Amino acid sequence: MHYYRYSNAKVSCWYKYLLFSYNIIFWLAGVVFLGVGLWAWSEKGVLSDLTKVTRMHGIDPVVLVLMVGVVMFTLGFAGCVGALRENICLLNFFCGTIVLIFFLELAVAVLAFLFQDWVRDRFREFFESNIKSYRDDIDLQNLIDSLQKANQCCGAYGPEDWDLNVYFNCSGASYSREKCGVPFSCCVPDPAVSSGPCGVFLQLKSKWDESIFTKGCIQALESWLPRNIYIVAGVFIAISLLQIFGIFLARTLISDIEAVKAGHHF
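From a predicted model like this one, the values you see are computed outputs, not experimental measurements.

1. As for the UniProt feature "transmembrane region" (unreviewed entry) in the protein chain
At step 1: Taking the UniProt record as the reference, the feature "transmembrane region" (unreviewed entry) is found at residues 20-41, 62-84, 90-115 and 229-250.
At step 2: Along residues 62-84, the helical share is 100% and the strand share 0%, with 32 Å between the first and last C-alpha atoms.

Rendered as structure tokens:
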């Protein structure tokens, strides 16, 4: 890897330090994500036994945090160092990766729109898999609880889905005190009760409307999306513009460096 320095450099300081400032934010955010993820794993004892991650049937939310952190840290580092050192290799890596991420996001959005039934089925399988692992990981439990409380929903398509979990299962072989119940996040808010079961059992469907949310979270999310389509579109456009801006800065700086390098040879 070579670093180019020129005695009569004419590389634009404006683009150079603007790109550096753009990337330092992502690099610092990546450090925060990695720090939070590693701290969470340390608290759960995963760092001392990484096989705990592979033994989970569902997904550990910390894995997603770490993945985002690694991507942001790597891109931020490449962009910062590439801009400061005027390194074309790092700048091309940064620019190419951002372009790849941009088109992947676009492809996912288009495919999700065209194949809605397939996406709905995959999301149900994903949700049900994580319901089975609800008590296996505290972060996954908190994530599901937050989703159900925020959307006033229960299960993927209804409370019956919680029969998939070994702790809430209604089979005679279960000796759990939560047998035939649902998580507290499924319960209709009651000021007199702050935790624990809401006194309803899965087989007592006549009492569901009084005590628990009966709408599934997939239906809740499907009804939430049309109501907030402008917010979702705005977030997507904002992210896309940030990516395009980063690509523009990187390509402009690369062109400047190549022009200075070419002029230096004459």
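Resuming the write-up.
2. Topic: the packing of helix α5 (residues 116-132) against helix α8 (residues 217-227)
At step 1: Relative to each other, α5 and α8 sit at 135°, their axes nearing to 11 Å. Accordingly, the angle class assigned to the pair α5 and α8 is oblique. For the crossing formed where α5 meets α8, the hand is right-handed. Along its contact with α5, which presents Arg120, Phe123, Arg124 and Phe127, the element α8 presents Cys217, Ile218, Leu221 and Glu222.
At step 2: Partitioned by chemical class, the residues of the contact of α5 with α8 number 5 nonpolar, no polar and 3 charged.

3. Regarding the layout of surface pockets
At step 1: Estimates place the volume of the largest pocket at around 1200 Å³.
At step 2: What lines the largest pocket is a set of 21 residues, and nearest its centre among them are Ala112, Val119, Leu221, Leu225 and Val232.
At step 3: Among the elements of the structure, α4 (88-114), α5, α8 and α9 (229-264) are those that each provide at least two residues to the lining of the largest pocket.
At step 4: Classifying every residue of the lining of the largest pocket gives 16 nonpolar, 1 polar and 4 charged.
At step 5: Taken together, 17 residues form the lining of the second largest pocket, with Val71, Met72, Ile101, Glu105 and Gln243 sitting closest to its centre.
At step 6: Elements that contribute at least two residues to the lining of the second largest pocket include exactly α1 (13-44), α3 (61-85), α4 and α9.

4. Examining the state of the cysteines
At step 1: Evaluation of the coordinates by the stated rule reveals 2 disulfides.
At step 2: The disulfide partner of Cys153 is Cys217, and the S-S distance across this bridge is 2.1 Å. Torsion about the S-S bond of the Cys153 and Cys217 cystine: about 85°, corresponding to right-handed handedness. Of this pair, Cys153 sits in the loop between α6 (138-151) and α7 (208-211) while Cys217 sits in helix α8, placing them 64 residues apart in sequence.

5. Quick notes on the nonpolar core
At step 1: Counting 19 residues, the largest nonpolar core has Leu19, Leu91, Phe94, Leu253 and Ile257 as its most contacted members.
At step 2: When residues of this core are traced back to their parent elements, those giving at least two are α1, α3, α4 and α9.
At step 3: Looking at which element gives the most residues to this core, the answer is α9, with 7 residues.
At step 4: With 18 residues, the next largest nonpolar core counts Cys153, Ala156, Cys186 and Ala220 among its residues.

6. Focus on the packing of α3 against α4
At step 1: Packing of α3 against α4 leaves a shortest axis separation of 8 Å and a crossing angle of 140°. The orientation of α3 with respect to α4, classified from their angle, is oblique. Judged by the twist between their axes, the crossing of α3 over α4 is left-handed. Seen from α3, the contacting residues are Val71, Thr74, Leu75, Ala78, Gly79, Val81, Gly82 and Ala83; seen from α4, they are Leu90, Leu91, Phe93, Phe94, Thr97, Ile98 and Ile101.
At step 2: When its residues are assigned to classes, the contact of α3 with α4 shows 11 nonpolar, 4 polar and no charged.

7. Here's the deal with the packing of aromatic side chains
At step 1: For the structure shown, the criterion picks out 11 aromatic pairs.
At step 2: Relative to Phe94, the ring of Tyr22 has its centre 6.5 Å away and its plane inclined at 85°; by these criteria the two rings are edge-to-face. Here Phe94 lies in helix α4 and Tyr22 lies in helix α1, a separation of 72 residues in the sequence. Each member of the pair Tyr22 and Phe94 is classed as buried.
At step 3: Between Tyr22 and Phe245 the ring centres are 6.0 Å apart and the planes differ by 65°, which places this aromatic pair in the edge-to-face class. Of this pair, Tyr22 sits in helix α1 while Phe245 sits in helix α9, and the two are 223 residues apart along the sequence.
At step 4: Since its relative accessible area comes to 10%, Tyr22 is described here as buried.
At step 5: Every member of this aromatic cluster is reached through a ring pair, and the members are Tyr22, Phe26, Phe94 and Phe245.

Thresholds applied
Residues numbered from 1 in each chain as written. Predicted model: local features only at pLDDT ≥ 70, side-chain atom pairs only at ≥ 80, totals over all residues. Heavy atoms only, no water. UniProt positions renumbered as here; feature names shortened; annotations may be inferred. Helix = DSSP H or I, 4+ residues; strand = E, 2+ residues; numbered from the N terminus. Axes fitted to C-alpha atoms, helices over the stretch in contact; angles between N-to-C directions. Parallel < 35°, antiparallel > 145°, perpendicular 65-115°, else oblique. Left-handed = near helix turned anticlockwise from the far one by under 90°. Contact = heavy atoms within 4.5 Å. Nonpolar A, V, L, I, M, F, W, Y, C, P; charged D, E, K, R; others polar. 1 Å grid on protein atoms, 1.4 Å probe; cavity = no way out; pocket = protein on both sides within 12 Å on 5 of 7 lines; lining within 4 Å. Points joined across faces, edges and corners; volume = space filled by probe spheres on them. Disulfide = S-S within 2.5 Å. Core = buried A, V, L, I, M, F, W, Y, C linked by side-chain atoms within 4.5 Å. Buried < 20%, exposed > 50% of the residue type's maximum accessible area, 1.4 Å probe, protein only. Phe/Tyr/Trp six-rings, centres within 6.5 Å; stacked < 30°, edge-to-face > 60°.

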